[in-house]
Amino acid sequence: MTDTLLLLHGFPVDGSMWDLQVQALSGTIQVLAPSLPGFGTQPGAGNVMTMEGAARRCLEALDTAEAGRVVVCGLSMGGYAAFELWRRAPERFAGLVLSNTRAGADDEAGRERRYALAERLEAEGNGFLVDTPGPLLSEGADEELWQHVRDIIAAQPAEALAAAARGMAERPDSTGDLAGISVPTLVISSTADELIPPAATTPLAEQIPNAQLEMIEGVGHLSNLEAPGEFTLLLERHLTLCGML
Ligand code: MLT
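Before going into details, it helps to say that this report is about the structure given with it.

About the cut-offs
Residues numbered from 1 in each chain as written. Predicted model: local features only at pLDDT ≥ 70, side-chain atom pairs only at ≥ 80, totals over all residues. Heavy atoms only, no water. Helix = DSSP H or I, 4+ residues; strand = E, 2+ residues; numbered from the N terminus. Rg over C-alpha atoms; globule rule 2.2 N^0.38 Å. Buried < 20%, exposed > 50% of the residue type's maximum accessible area, 1.4 Å probe, protein only. Contact = heavy atoms within 4.5 Å. Areas by Shrake-Rupley, 256 points an atom, 1.4 Å probe, with all protein chains shown as cover. Near = heavy atom within 4 Å. Polar contact = N/O pair within 3.5 Å; in protein donor to acceptor, adjacent residues only side chain to side chain. Nonpolar A, V, L, I, M, F, W, Y, C, P; charged D, E, K, R; others polar. Core = buried A, V, L, I, M, F, W, Y, C linked by side-chain atoms within 4.5 Å. Pairing = 2+ DSSP bridges. Right-handed = clockwise from strand over helix to strand, strands pointing away. Axes fitted to C-alpha atoms, helices over the stretch in contact; angles between N-to-C directions. Salt bridge = Lys/Arg side-chain N within 4 Å of Asp/Glu carboxyl O. Expected span 1.5 Å × (residues − 1).

Before going further, it helps to examine the overall build of the protein chain. In terms of helices and strands, the protein chain carries 11 helices and six strands. Relative to a compact globule of 245 residues, whose C-alpha radius of gyration would be 18 Å, the protein chain shows 16 Å and is just as compact. Reported as C-alpha extents along the three principal axes, the dimensions of the protein chain are approximately 50 × 35 × 35 Å. Scored against the burial criterion, the 245 residues of the protein chain give a buried share of 55%. Within the protein chain, contacts between residues at least 6 apart in sequence are counted, and of these 77% link residues at least 24 apart. Counting only carbon and sulfur atoms, one obtains 50% of the accessible surface of the protein chain, whose full area is about 9,900 Å².

Take a look at the structure:
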């Protein structure tokens, strides 16, 4: 059984968003960055990629890799999946990192927006999302990084994106689980995240017992891509705190 870092990606990208962290850390620990159902080359999960389905796939990936103690790091949608994984298999966790995410469920208006997005994806394909992906990066991000993000989005099947949008709409409220999270937890936010701003993420660090909060200055939602070195350093420090390095 091998100590493992499990990295869970956000929407509308796939596990390749973690490439730099995988490269940086693979020499010291087993790092898994699976794409969630339907993303990358993964088989889909039907019309709705529920967080339960995502968590089940993660557990399969952990078993296949003979993972022992696991530090789970979820960014945004990956955080929603990490909460589900915690509910299903808390005994697998040696630590947790929650980045640019939130615990609450969508309100009715938010759910409607996701269902509308899913329908549009199925009707038109993913091109409009590649062209106008929303504020995934900060205004200061360079064009090369934007192009990299657009390339990742373009590689995702529209049906998988639609299923994930529905799955996020239907995800449960995880707020009630926070007080019971008993492993060392690091919460990461970034000052220029307009999608899940610091005001939505930082309360996690107060609601999870003994959690640490780190704020990355000047970068947007996909903070691991926009500040890869700083993000990797935070992961390294947390892995050390968890006794994994
Ligand atoms: C993500 O990056 O995973 C999404 O922005 C999450 C969301 O839409 O709630």
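Attention now moves to the site of the ligand. Close to the ligand lie Gly10, Phe11, Ser76, Met77, Tyr80, Arg114, Met168, Leu195 and His221, which account for all nearby residues. Between the ligand and serine 76 there is a distance of 2.8 Å, counted from an oxygen atom to a side-chain nitrogen or oxygen. At 2.7 Å, a side-chain N or O of histidine 221 approaches an oxygen atom of the ligand. Protein chains bury 90% of the 270 Å² of accessible surface belonging to the ligand in isolation. Classifying every residue of the shell around the ligand gives five nonpolar, three polar and one charged.

With that out of the way, let us pick up the nonpolar core. Within the largest apolar cluster, 83 residues are counted, with the highest numbers of intra-cluster contacts made by Leu5, Leu6, Leu36, Met49, Val72 and Met77. Considering each element in turn, this core owes the most residues, seven residues, to helix α3 (residues 77-88).

For the rest of this paragraph, the subject is the pairing of strand β1 (residues 2-8). Burial of β1 is extensive: five of the seven residues sit out of reach of the surface. Relative to strand β3 (residues 67-75), β1 runs parallel, the two sharing six bridges. Residue pairing for β3: leucine 8 is matched across the bridge by glycine 74. Across three bridges, the pairing between β1 and strand β2 (residues 30-32) is parallel. The partner of threonine 4 across the bridge, within β2, is glutamine 30. Handedness of the crossover joining β1 and β2 through helix α1 (residues 19-25) is recorded here as right-handed.

What holds strands together in a sheet is hydrogen bonding between their backbones, with the strands either parallel or antiparallel. What the six strands build is an open sheet, ordered β2-β1-β3-β4-β5-β6; its pairing is parallel. Whereas interior strands pair on both sides, the edge strands pair on one side only; in this sheet they are β2 and β6 (212-216). The sheet shows a mean angle of 20° between the axes of neighbouring strands, taken without regard to direction. Sheet strands touched by helix α2 (residues 51-64): β1, β2 and β3. Its angle to β1, the strand with the most contacts, is close to 150°. Contacting β1, β3, β4 (93-99), β5 (185-190) and β6, helix α11 (residues 228-241) crosses the sheet at an angle of about 165° to β6.

Turning next to the environment of cysteine 73. Looking at the element boundaries, cysteine 73 is found in strand β3. Take cysteine 73: its relative accessible area is 0%, and that puts it in the buried class. In this structure, the C-alpha to C-alpha distance between cysteine 73 and valine 187, residues 114 residues apart in sequence, is 9.6 Å. Not counting residues within four places of it along the chain, the set of residues in contact with cysteine 73 comprises Leu5, Leu6, Leu7, Leu8, Trp18, Val97, Phe231 and Leu235.

Let us now look at the pattern of salt bridges. Scanning all chains against the criterion turns up 10 salt bridges. For the salt bridge of glutamate 124 with arginine 120, the shortest nitrogen-to-oxygen distance reads 3.0 Å. Taken together, the positions of glutamate 124 and arginine 120, both in helix α4 (residues 108-124) and four residues apart, correspond to about one turn of that helix. Each of Glu84, Arg87, Arg88 and Asp177 takes part in a single network of salt bridges with overlapping partners.

Below, the discussion takes up α2. Along its 14 residues, α2 runs 20 Å from first to last C-alpha, staying within 8% of the 20 Å computed at 1.5 Å per residue. Taken residue by residue, α2 has Met51, Gly53, Ala54, Ala55, Cys58, Leu59 and Leu62 as its buried positions. Those residues of α2 that are buried are in contact with β1, β2, β3, α3 and α7 (158-169). Of the residues one or two after α2, glutamate 66 is the one with positive phi, at around 50°.

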